[in-house]
Amino acid sequence: MTSPVLSVTKPSDRLGTGARVGIGLVLLLPAFLALLWSYLLPTGLAIARSTTRDNLLGPATDVGAEHYRQRFEQGVVGEYRMALLLTLVPLVLALLVAPLLALLADRAGRGPRLAARALLAVPVAGYAPVALLLGWRLDRVEPRAAVESPYATLVELTAVGSAGLVVAVATTAFLATLRGRRRPADALPAAATVAGLLVLGIVAATLQSFVAPLLAASNRASFPLTTIVVQSLARMDLGRGSAEAVLLLAVLAVLGLAATTLLLVTRARIELADAADSRTPSTPAATTAPTWPASTPPDAPTGGSSGPTGGGSGPARIGLAVVGVVAVGLMLWVAWPWLRRSLRFTNDFGPVPGAALSDMLIWTWLPTLVATLVTITVAVAGGFAIGGLRPLGRFSELLLLPFAPWLFVGTGPLAVESYLRTRDFDQVNTFLGVIPPGWVSIPALFLFTLLFRGLEPRWRAGGGFGRTMLAPAVPMVLLAGLVTWLVSSGQLLWPWIVAQTPSTRTAPVEALAQGTTGRIPADELALGALLPLPMLLLFLIALVVLQVRYLDRLAIRVGRSVTPDQTAT
């Protein structure tokens, strides 16, 4: 029998349906414009250019599907199969090691779990792929082996470069599926969704690798992204390079659509685990009872060892301690070739004069900061429009579908079209030109949609906007901004294309130039500018605090959400 419940004022009543639709579409407009400018138009131009023979020296001539026919005759399918082999080690880490680590941390109790979370922040804060892989290439790979066995070297570099980041991200995600569960089996639906997203994301990221193929004798190991850049810019064959880019875009579009479909079908969302069982402010305590008195559905919030007061299991603590010691040892061993060069700062590139070290750091970090502020702001507005205001009601998440084909598309597949646009605007070797070309972070848009979707029921049940929506979202904005800034500042491809003079080189471009020309002995190579110690400490402290104080409170849920006003019976 249902007891009387005090009425609440819902956001839909305060704003009205028309207002929610209007405000939601206005907030989504920047994201749609950015999608059109940064992704849709370049994709259309790449498709059109792929049917031409264009060397930028004369008028383009139409060749139809000739470039595609040649690529399939050359065995492009086999090249993609070989590229997929590179995903084996990251997938093993994501689907076997990370769930085990998450389960041990969850069962070990609050203290060990927070210690594990702090450790997971280290490989993310230390994201510097050029420094890590260049140091490994110089110290741990024989030059002759790289030439004679380029694919084996590529597998090795891919595993080294991705291991720490994959384990950190995957373990954090699986911990969120376990958060608030009494039994690990209850987390299986959410964990299966996370596993599916990880598989799709790892495949997409590996297909867009650029640093590892460059360092693994790329002229002998064909790889999608290096083939696109070499064909289009080095050999001045834009039509053939564009055809390669379209093939890669098609694969990434399928992966993005599959991931979006998975999110829509499972109704995935991100909730506050420590708020899931709290009572709605307007509902008297005496009238509140569990929604599922007889049994607990898979995604109902429950107490357990993963809660704030969980005592933890002795064997789990021991297992987590062993895994932690091994993980620290492996991280130090992998990063040592970089770490021993990390306190050396120089931008001396042989006899060619370069800019001051301070200028190089500015070119590395400031353009990417500008891009981060814009892309994250647009993503937050769009995510709140879809997940918070829900202009289409329960069908609001369908608004993600226009973005889905480019969910996993980075700078690389559209780099040629972005470069040509930058050249046409006379921005090559300028500050504006070095700013990464994407004006919306589509992964961040999806992330904030899931977050606001999980927070919206409590706002709809009458909670204050600041407490139920704004306060829980601010740390995620900071987290997404820091990670986006760090990752984009460590990228090589875009500045390698548009910053061609010594005075405009970023730190990753300068380090690669130093490490691959042989003008500077390997033992004297300086890598300190790629991720300076003050920046490393800044990211590390911020990410540890966010892991321990914020991410530990989040839970990934799937299925029908139970709103607070539904818990009154």
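Each value, and the rule that gives it
- Residues numbered from 1 in each chain as written.
- Predicted model: local features only at pLDDT ≥ 70, side-chain atom pairs only at ≥ 80, totals over all residues.
- Heavy atoms only, no water.
- Helix = DSSP H or I, 4+ residues; strand = E, 2+ residues; numbered from the N terminus.
- Buried < 20%, exposed > 50% of the residue type's maximum accessible area, 1.4 Å probe, protein only.
- Contact = heavy atoms within 4.5 Å.
- Axes fitted to C-alpha atoms, helices over the stretch in contact; angles between N-to-C directions.
- Parallel < 35°, antiparallel > 145°, perpendicular 65-115°, else oblique.
- Left-handed = near helix turned anticlockwise from the far one by under 90°.
- Patch = residues over 30% accessible without salt bridge, like charges linked within 9 Å, V, L, I, M, F, W, Y side chains within 5 Å.
- Areas by Shrake-Rupley, 256 points an atom, 1.4 Å probe, with all protein chains shown as cover.
- Salt bridge = Lys/Arg side-chain N within 4 Å of Asp/Glu carboxyl O.
- Arc of directions from axis to C-beta.
- Core = buried A, V, L, I, M, F, W, Y, C linked by side-chain atoms within 4.5 Å.
- Pairing = 2+ DSSP bridges.
- Phe/Tyr/Trp six-rings, centres within 6.5 Å; stacked < 30°, edge-to-face > 60°.
- Lys NZ or Arg CZ within 6 Å of the ring centre and 35° of its normal.

### Thoughts on the overall build of the chain
Next up, step 1: A count of helices and strands for the chain gives 22 helices and 4 strands.
Next up, step 2: Sorting the 569 residues of the chain into buried and exposed places 53% on the buried side.
Next up, step 3: Put simply, of all contacts in the chain between residues at least 6 apart along the chain, 84% involve residues at least 24 apart.

### Observations regarding the packing of helix α15 (residues 357–389) against helix α18 (residues 442–460)
Two measures define how a pair of helices packs: the angle their axes make with one another and the distance between the axes.
Next up, step 1: Packing of α15 against α18 brings their axes to within 7 Å, and their N-to-C directions diverge by 40°. Taken together, the axes of α15 and α18 are oblique relative to one another. Crossing of α15 over α18 shows right-handed handedness. Every residue of α18 that contacts α15 at I376, A379, V380, G382, G383, F384, I386, G387, G388 and L389 is listed here: A444, L445, F448, T449, F452, R453, E456 and W459.

### Observations concerning the environment of T193
Next up, step 1: Looking at where T193 falls in the secondary structure, it is placed in helix α10 (residues 188–207).
Next up, step 2: Among the residues examined, T193 registers a relative accessible area of 5% and is labelled buried.
Next up, step 3: Along the primary structure T193 and L263 are separated by 70 residues, whereas in three dimensions their C-alpha atoms are 7.7 Å apart.
Next up, step 4: Each residue touching T193, except ones within four places of it in the same chain, is listed here: L262, T266, A268 and V558.

### Observations regarding unusual backbone geometry
Next up, step 1: Phi is positive for R267, which is not a glycine, with a value near 55°.
Next up, step 2: Structurally, R267 is set in the loop between α13 (238–266) and β3 (269–272).
Next up, step 3: Despite not being glycine, R390 has its phi angle at roughly 50°, a positive value.
Next up, step 4: With respect to the helices and strands, the residue R390 is situated in the loop between α15 and α16 (415–424).
Next up, step 5: By relative accessible area, which is 13% here, R390 ends up buried.

### Focus on a nonpolar patch on the surface
Next up, step 1: A cluster of nonpolar side chains, L29, L33, L36, W37, L40, L41 and F425, forms an exposed patch at the surface whose accessible area comes to about 660 Å².
Next up, step 2: Tracing the backbone through its elements, the reader meets L36 in helix α2 (residues 17–49).

### As for helix α3 (residues 66–73)
Next up, step 1: If you check which residues of α3 are buried, you get H67, Y68, Q70 and R71. Projected down its long axis, α3 shows its buried positions confined to an angular sector of 160°, all on one face.
Next up, step 2: Packing partners of the buried residues in α3 comprise β1 (52–53), α4 (76–85) and α13.
Next up, step 3: After α3 finishes, the residue G75 shows a positive phi value of roughly 90°.

### A short note on the nonpolar core
Next up, step 1: The biggest cluster of nonpolar side chains holds 155 residues, and the ones touching the most others in it are F174, W338, I442, F448, L451, L527 and F539.
Next up, step 2: If one sorts the elements of this core by residue count, helix α9 (residues 150–178) sits on top with 12 residues.
Next up, step 3: Setting aside chain neighbours within four positions, we find L451 in contact with I270, P472, A473, M476 and Y550.

### A closer look at the pairing of strand β4 (residues 554–557)
Next up, step 1: Neither face of β4 is left uncovered, since the one carrying L554 and I556 and the one carrying A555 and R557 both have all their residues buried.
Next up, step 2: Examined bridge by bridge, β3 and β4 share 4 bridges and lie antiparallel to one another. Bridge assignment links L272 to a residue of β4, and that residue is L554.

### Remarks on the side chain of T43
Next up, step 1: Its location among the elements puts T43 in helix α2.
Next up, step 2: Setting aside chain neighbours within four positions, we find T43 in contact with L249, W406 and L414.

### Some details on the environment of V416
Next up, step 1: Within the element layout of this structure, V416 appears in helix α16.
Next up, step 2: C-alpha of V416 to C-alpha of S232: the two residues are 184 residues apart in sequence and 7.0 Å apart in space.
Next up, step 3: With sequence-adjacent residues up to four places away left out, V416 is seen in contact with I228, S232 and L238.

### Details of the packing of aromatic side chains
Next up, step 1: For the coordinates displayed, the defined rule picks out 12 aromatic pairs.
Next up, step 2: Plain terms: the ring middles of F384 and F465 are 5.8 Å apart, the flat faces sit at 80° to each other, and that makes the pair edge-to-face. Taken as a pair, F384 in helix α15 and F465 in helix α19 (residues 465–489) lie far apart in primary sequence, 81 residues in all.
Next up, step 3: Judged by its relative accessible area of 14%, F384 is buried.
Next up, step 4: Given the relative accessible area of 37%, F465 is considered partly exposed.
Next up, step 5: Taken together, the aromatic side chains of F384, F448, F452, W459 and F465 make up a single cluster linked through ring pairs.
Next up, step 6: Across the ring face of W37, the terminal group of R421 is positioned such that the distance to the ring centre comes to 3.6 Å.

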